[in-house]
Amino acid sequence: FSTLKYKTQRREPLAPTYSWLVDQRGLASGWWRFRNDGMFRYTLIVVGKMKKRSLADLCADYEKRLKRQGNFEVIELKDGTVESEGQRILEALEKRREAKVYVLAEEGKGMRSNDFATELVALQGRPANFVVGGAYGLSKAVKARADAVLSLSPMTFTHEMARFILCEQIYRADAINRGTGYHHE
């Protein structure tokens, strides 16, 4: 270990700084890690409360972990018709105009965990809102308001499961960016 040292490089203009271990020959060795110069600010806007106790406990665990690393907030909106849910979501987003909006929908873009981590690092401290719709999906107005439409899988999940998977993926992305051992290739 005495022959290893840290090397730092900026990947592109305004990009975050990455560090990795470099051996005497100048070859990268070991995990790269994101130097966290600021905390994240993420808001999860979801329709409906968690009804299944087991999933609620899992979500609560990841929410607690995320709150230790940065500013993480969950806003639960009341169930209703797709249009009324959409209106409540748009009202919640209106209060957070400066944030980038990610909407989960089955027609969205799928990402690998590493790509999602890179996407979140690129925010450069800008807040992000993640929207999970109700049992019947999201209105067209909410999808139109999105800066990015993401898909967790080509398969369909209940909105409770989507909420849990999203919480875990946000935590995983943060762990990748911090260089912890949580994520394995």
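What comes next is a walk through the structure. (Residues numbered from 1 in each chain as written. Predicted model: local features only at pLDDT ≥ 70, side-chain atom pairs only at ≥ 80, totals over all residues. Heavy atoms only, no water.)

### Structural notes on the pairing of strand β6 (residues 100-110)
The pairing of β6 with strand β7 (residues 128-132) spans four bridges and is classified as parallel. Within the sheet, the bridge partner assigned to Y102 lies in β7 and is F130. Tracing the backbone out of β6, into helix α3 (residues 113-121) and back to the parallel element β7 gives a crossover that is right-handed. By the bridge criterion, five bridges tie β6 to strand β8 (residues 148-151) in an arrangement that is parallel. Residue pairing in the sheet places V103 in a bridge with V149 of β8. (Pairing = 2+ DSSP bridges. Helix = DSSP H or I, 4+ residues; strand = E, 2+ residues; numbered from the N terminus. Right-handed = clockwise from strand over helix to strand, strands pointing away.)

### A word on the state of the cysteines
Scanning the model with the defined rule gives zero disulfides in all. You can see C59 has no disulfide; the closest cysteine sulfur is in C167, sitting 4.7 Å from it. (Disulfide = S-S within 2.5 Å.)

### Here's the deal with the packing of aromatic side chains
Where two aromatic rings form a pair, the distance of their centres and the angle of their planes describe that pair. All chains considered together, the criterion is met by seven aromatic pairs. Here the aromatic rings of Y62 and F164 are separated by 6.0 Å at their centres, their planes lie at 55°, and the arrangement is tilted. One end of the pair, Y62, is in helix α1 (residues 53-69); the other, F164, is in helix α5 (residues 159-178), and 102 residues separate them in sequence. Residue classification places Y62 among the buried residues on the basis of a relative accessible area of 10%. Linked through ring pairs, F40, Y42, Y102, F116 and F130 together constitute an aromatic cluster. Here R65 stacks its cationic end above the ring of Y62, 4.8 Å away from the centre of that ring. A cation over an aromatic ring shows up here: R65 above the ring of Y171, its NZ or CZ 5.2 Å from the ring centre. (Phe/Tyr/Trp six-rings, centres within 6.5 Å; stacked < 30°, edge-to-face > 60°. Buried < 20%, exposed > 50% of the residue type's maximum accessible area, 1.4 Å probe, protein only. Lys NZ or Arg CZ within 6 Å of the ring centre and 35° of its normal.)

### Details of a nonpolar patch on the surface
A contiguous nonpolar surface patch, about 350 Å² in accessible area, is contributed by L152, M155, F157 and M161. Within the secondary structure layout, M161 lies in helix α5. (Patch = residues over 30% accessible without salt bridge, like charges linked within 9 Å, V, L, I, M, F, W, Y side chains within 5 Å. Areas by Shrake-Rupley, 256 points an atom, 1.4 Å probe, with all protein chains shown as cover. Salt bridge = Lys/Arg side-chain N within 4 Å of Asp/Glu carboxyl O.)

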